[in-house]
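# What the coordinates show
So you can see what is in the structure, the chains are spelled out below.
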Amino acid sequence: MSDLAPFVKIIHEGGIVAFPTETVYGLGADAWDPEAIQRIFETKGRPSDNPLIVHLSNVKEAEDFVEVIPEVAKLLMKHFWPGPLTFVLPKKREVLDSVTAGLSTVALRIPSHPKALEFIKQTGPLVGPSANRSGKPSPTKAEHVKEDFGDDFPIIDGGSTKVGLESTVIGFQDDHIIIMRPGKIGADELKSVTGLKIIEEYTNNDDTPKSPGQKYSHYKPQAHVVYKGISTFNDHTMYLMQSASHVYQDNVICYNGDLKQLSKELYDRFRQADHLGYKHIHIEPFDDLRSRYPAYYEALMNRIQKTLG
Ligand code: AMP
Ligand code: MG
């Protein structure tokens, strides 16, 4: 695909490029280039103790980053890659400390977006944190990346991302799978493929979280986010509702009881609310949809909880 050539060139010259994935837009840099990685942290304003996910285009490349890939990880890779599942595994010595934030593990995934796959095939492994300034919602459209980094920033435009929330992050411990960050691929699916016990560790609020990103409050819109029943409506609030009889009002958004749809548009709504100057984002509780969309429910609640208050 020749339209990717200028972007591939930027990566090869040590630069950074925003690229679409099925989850959110990523900020790509050569996973073996310390200066390019430094540029990623500076561009995002990301704390250096928050590790990066390495994005690959084929499973073979994982061997350059990981000592031994456990059989169960191989099974899951076969099942879910390319896709929104990130594996945290013991790293090889050569993997840069700036990628892993000095940890003994490295996070890996193969995204399924065709443009991402084609791009990484041409560049080689890329680190790919979300392409937003730290503290802003992850970008789900090329426009979001432009908002944060300017119109001239190199972006591969792949339209709106399908999933809209970041990948599920998992690790392995004593025959258990640990979910460090919930995403589209949930505990039920991981269990049915492996038969293993699944432990969810992302709700821990202790000081030494398994997944360093847990301690940072990402995704915070300027508008005050609330998650509770709606009794009255006002004009300075954006309402996110399962179903609504008020849909004729611009500030009332209805996702028709579809948590997949809400996941896809959540970050875009957060950004919109700030542009339009809403003071509040009022999310109508959707606990009744939990059993229908267990993984999306967990992922949404995890992101929403970080924005409350
Ligand atoms: P982002 O790229 O911003 O979506 O975030 C990547 C997240 O992946 C980090 O914030 C961590 O939570 C997680 N992660 C990356 N590398 C590791 C690792 N070695 N161990 C645990 N979690 C990791
Ligand atoms: Mg991020």
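Our subject is the structure listed above.
Residues numbered from 1 in each chain as written. Chains lettered and ligands numbered in written order. Predicted model: local features only at pLDDT ≥ 70, side-chain atom pairs only at ≥ 80, totals over all residues. Heavy atoms only, no water.

## As for the sheet that holds strand E8 (residues 176–181)
Strand order in the open sheet made by the 9 strands is E1-E2-E6-E3-E5-E4-E7-E8-E9, with mixed pairing throughout. For this open sheet the edge positions go to strand E1 (17–19) and strand E9 (197–200), each flanked by a neighbour on one side alone. Both strand E3 (residues 53–55) and strand E6 (residues 126–127) contribute to a ladder of 2 bridges, which runs antiparallel. By the bridge assignment for E6, Val54 is matched with Val127. Sitting on the sheet, helix H5 (residues 114–123) touches E1, E3 and E6, and the angle it makes with E1 is about 145°. (Pairing = 2+ DSSP bridges. Helix = DSSP H or I, 4+ residues; strand = E, 2+ residues; numbered from the N terminus. Contact = heavy atoms within 4.5 Å. Axes fitted to C-alpha atoms, helices over the stretch in contact; angles between N-to-C directions.)

## Let's talk about the pairing of E8
Within E8, 5 of the 6 residues are buried, which leaves it mostly tucked inside the rest of the structure. Pairing of strand E7 (residues 168–173) with E8, which is carried by 5 bridges, proceeds in the antiparallel orientation. By the bridge assignment for E8, Val169 is matched with Arg181. What sits between the antiparallel neighbours E7 and E8 is a turn of 2 residues, in which Asp174 has the positive phi angle 45°. Taken together, the 4 bridges between E8 and E9 define a ladder with parallel strand orientation. Counterpart to His176 in the pairing with E9 is Lys197. Running through helix H7 (residues 187–194), the crossover from E8 to the neighbouring parallel element E9 is right-handed. (Buried < 20%, exposed > 50% of the residue type's maximum accessible area, 1.4 Å probe, protein only. Right-handed = clockwise from strand over helix to strand, strands pointing away.)

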